[in-house]
Amino acid sequence: MTRRRAMALAGAMAVLGAPRVLRADVSSWLFIGSGPSWLQRASQNPEYQPSLQMETGLGSSPRDLVVLGGLGRVHTHFGQGTDLGLLIRSATRGLVHGDWGAALDVGAYERFWGVGSTGALLSLSLGAPWGITLSLTGGIGTNDSKTISAVIGLDLARATIYRQSGENWWENPFPPEKR
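Residues numbered from 1 in each chain as written. Predicted model: local features only at pLDDT ≥ 70, side-chain atom pairs only at ≥ 80, totals over all residues. Heavy atoms only, no water.

A word on unusual backbone geometry. A positive phi is found at Trp130, a non-glycine position, where the angle reads about 70°. Mapped onto the elements, Trp130 comes out in the loop between strand 6 (117–127) and strand 7 (132–141). Of the residues examined, Trp130 reaches a relative accessible area of 23% and is grouped as partly exposed. The backbone of Asn143 sits at a positive phi, close to 60°, despite the residue not being glycine. Checked against the element boundaries, Asn143 lands in the loop between strand 7 and strand 8 (145–155). (Helix = DSSP H or I, 4+ residues; strand = E, 2+ residues; numbered from the N terminus. Buried < 20%, exposed > 50% of the residue type's maximum accessible area, 1.4 Å probe, protein only.)

Quick look at the structure:
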């Protein structure tokens, strides 16, 4: 190897190996709420009961106008059983920042109890300041299963870490980088 090639190789390695500032700013959700659910399974009469919904997930940068991400959901129908779901979320920046906003979730669920069911879910989440969220969900699945629920609760990540609303009442000590 000639001296000139060695110098060019060393220069290229120095440029490629130079430290850079990388940004790994992501959105996250951690929701817990409860409300009524309506279930109809395999030619049975519809049943109404209270439910508990918990979900967590990660998304793209909270600085984006529309945030895309994934979500895992556990939805317990008291007296019946628990549905597990995986969803894709499309959320507004307002929702991610703990302010007014909305999210649309589309995905699938699995029901291991009763006659069992596998199906599709569609969910609309409406967010208010401080992480308060109303989640409206509809689902349809195998074995003639249908689900509708209305759950209100709190997104703990949006009420604390990502919150940028209400700063004059309760300062966020670790706010995400401003847009």
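Here we come to a nonpolar patch on the surface. On the surface, a nonpolar cluster with roughly 560 Å² of combined accessible area is contributed by Leu30, Ile32, Met54, Ile132, Ile152, Leu154 and Leu156. Mapped onto the nonpolar patch, the elements with two or more residues apiece are strand 1 (27–40) and strand 8. With respect to the secondary-structure elements, Leu154 resides in strand 8. (Patch = residues over 30% accessible without salt bridge, like charges linked within 9 Å, V, L, I, M, F, W, Y side chains within 5 Å. Areas by Shrake-Rupley, 256 points an atom, 1.4 Å probe, with all protein chains shown as cover. Salt bridge = Lys/Arg side-chain N within 4 Å of Asp/Glu carboxyl O.)

Attention now moves to the pattern of salt bridges. Evaluated as defined, the whole model comprises five salt bridges. Asp105 serves as the salt-bridge partner of Arg89, at 2.8 Å between the closest nitrogen and oxygen. Of this pair, Arg89 sits in strand 4 (residues 81–92) while Asp105 sits in strand 5 (residues 101–111), and the two are 16 residues apart along the sequence. Of the two residues, Arg89 and Asp105, both sit in the buried class. Shared partners join several salt bridges into a network, and the residues in it are Glu55, Arg73, Arg89 and Asp105.

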